[in-house]
Amino acid sequence: MQVTTQVTLTPISYPSGLADELVAVQFSYEQGSRTITGHWVVLRIGDLVSTIVYTAPDGIDGAVIESIVTVAAQKMRAIDLP
């Protein structure tokens, strides 16, 4: 038996200058009678790359995920690689 799930990806944008490179999509898919949504963000600062996946049972709060991405970028900038 093969089970398939259709995932919808919609590009989203964040403020410029947040990272050297940043790609983000909102994803959604059906799970039983529920629609699951979230954001998938990949950011690069210098030689560091991070992936953030955010979902919330009561819906996406854009301000919350933007603050998470902003804090991640700040912490990545603070790392001093040899």
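Quick caveat: nothing in here was measured; it's all calculated off a predicted structure.

### Some remarks on the overall build of the protein
A tally of helices and strands in the protein yields one helix and four strands. The helix and strand sequence of the protein, counted from the amino end, reads β-β-β-β-α. For the protein, whose C-alpha radius of gyration is 15 Å, the value lies well above the compact-globule estimate of 12 Å for 82 residues. Judged by the C-alpha coordinates and their principal axes, the protein covers about 50 × 30 × 20 Å. In the protein, buried positions account for 24% of the 82 residues.

### A closer look at the nonpolar core
Generally speaking, a soluble globular protein has its nonpolar side chains buried in company with each other. With 14 residues, the main nonpolar core has Tyr 14, Val 41, Leu 43, Ile 45, Ile 52, Ile 65 and Val 69 as its most contacted residues. Looking at this core, the element that brings in the most residues is helix H1 (residues 62-78), giving five residues.

### Some details on the packing of aromatic side chains
Tallied over the full model, the rule gives one aromatic pair. Plain terms: the ring middles of Phe 27 and Tyr 29 are 6.4 Å apart, the flat faces sit at 15° to each other, and that makes the pair stacked. Since its relative accessible area comes to 11%, Phe 27 is described here as buried. A relative accessible area of 26% places Tyr 29 in the partly exposed class.

### Some points on H1
For H1, built from 17 residues, the straight-helix expectation of 24 Å at 1.5 Å per residue is met to within 8% by its first-to-last C-alpha distance of 25 Å. Contacts made by the buried residues of H1 are with strand S2 (21-31), strand S3 (34-45) and strand S4 (48-55). A side-chain oxygen of the first residue of H1 lies 3.1 Å from the backbone nitrogen of Ala 63; this N-cap is Asp 61.

Conventions adopted
Residues take numbers from 1 onward in each chain, read along the sequence in its written order. Totals for whole chains, interfaces and linings use every residue, but because this is a predicted model, local features are given only for residues with pLDDT of at least 70 and side-chain atom pairs only at 80 or more, for both listing and counting. Excluding hydrogens and water, the side-chain values take into account all heavy atoms of the structure. Helix and strand definitions follow DSSP, with helices as H or I runs of at least four residues and strands as E runs of at least two, each counted in order from the N terminus. Note on method: radius of gyration uses C-alpha positions; expected globular size equals 2.2 Å times residues raised to 0.38. Working definition: with a 1.4 Å probe on protein chains only, accessible area under 20% of the residue-type maximum means buried, over 50% means exposed, and in between means partly exposed. What makes a nonpolar core is a set of buried Ala, Val, Leu, Ile, Met, Phe, Trp, Tyr and Cys residues whose side-chain atoms join them at distances within 4.5 Å. Aromatic pairs are defined between Phe, Tyr and Trp rings, using the six-membered ring for Trp, whenever the two ring centres lie within 6.5 Å; interplanar angles under 30 degrees are classed as stacked, those over 60 as edge-to-face, and all others as tilted. A helix is expected to reach a length of 1.5 Å times the quantity of its residues less one. Two residues form a contact once any of their heavy atoms are found within 4.5 Å. Any N or O atom pair separated by 3.5 Å or less is treated as a polar contact, with the protein-specific requirement of one donor-capable and one acceptor-capable atom, and with residues adjacent in sequence counted only for side-chain atom pairs.

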